[in-house]
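Summary of structural features
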Amino acid sequence: MHGWGIAQRIQQVSKEVLQVQQGSLYPALYRLERKGLIQAEWGASENNRRAKYYSLTKAGREQLQKELAEWERLSSAVALILQRA
């Protein structure tokens with residue numbers, strides 16, 4: 001996806017709860033690209049404008065799995081604490 005599409009998808013999937021501003025999104029994308037977790041290539045957007053498209057690399061997919069496992073561990077711990085409160 002291109003940057004604007006990523007921001008829109010986050011907003012859509014989160015049912016409008018999360019909104020990522022361009023000032024936060026693009027620096028994050030550049031950091032992920034520098035770390036080799038995503039790759040970017042130029043292409044044409046839906047309205048035929050030049051856009052940079054991002055995709056996960058193999059290392060990015062591996063890191064995503066690690067982050068998901070850590071999130072599950074952390075959110076489960078928080079749920080346990082809240083259940084006992």
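For the structure, check the block above.
The present account deals with the structure reproduced in this document.

Rules behind the numbers
- Residues numbered from 1 in each chain as written.
- Predicted model: local features only at pLDDT ≥ 70, side-chain atom pairs only at ≥ 80, totals over all residues.
- Heavy atoms only, no water.
- Pairing = 2+ DSSP bridges.
- Helix = DSSP H or I, 4+ residues; strand = E, 2+ residues; numbered from the N terminus.
- 1 Å grid on protein atoms, 1.4 Å probe; cavity = no way out; pocket = protein on both sides within 12 Å on 5 of 7 lines; lining within 4 Å.
- Points joined across faces, edges and corners; volume = space filled by probe spheres on them.
- Nonpolar A, V, L, I, M, F, W, Y, C, P; charged D, E, K, R; others polar.

1. Considerations on the pairing of strand β2 (residues 50-56)
Where strand β1 (residues 38-44) and β2 come together, seven bridges link them in antiparallel fashion. For Trp-42, the partnering residue across the bridge sits in β2 and is Lys-52.

2. Let's talk about the layout of surface pockets
Here the largest pocket is characterised by a volume of approximately 440 Å³. Taken together, Ile-10, Leu-29, Leu-32, Leu-37, Ile-38, Leu-56, Gly-60, Gln-63, Leu-64 and Glu-67 make up the full set of residues lining the largest pocket. Elements with a contribution of two residues or more to the lining of the largest pocket: α2 (22-34) and α3 (58-83). In terms of residue count, α3 provides more of the lining of the largest pocket than any other element does, four residues in total. Residue composition of the lining of the largest pocket, by class: seven nonpolar, two polar and one charged. Roughly 310 Å³ of volume is contained in the second largest pocket. Together, 15 residues line the second largest pocket, and His-2, Trp-4, Tyr-26, Arg-50 and Ala-51 are the ones closest to its centre. Within the residue set of the lining of the second largest pocket, elements represented by two or more residues are α1 (3-13), α2 and β2. Among the elements that line the lining of the second largest pocket, the one with the most residues is β2, at four residues.

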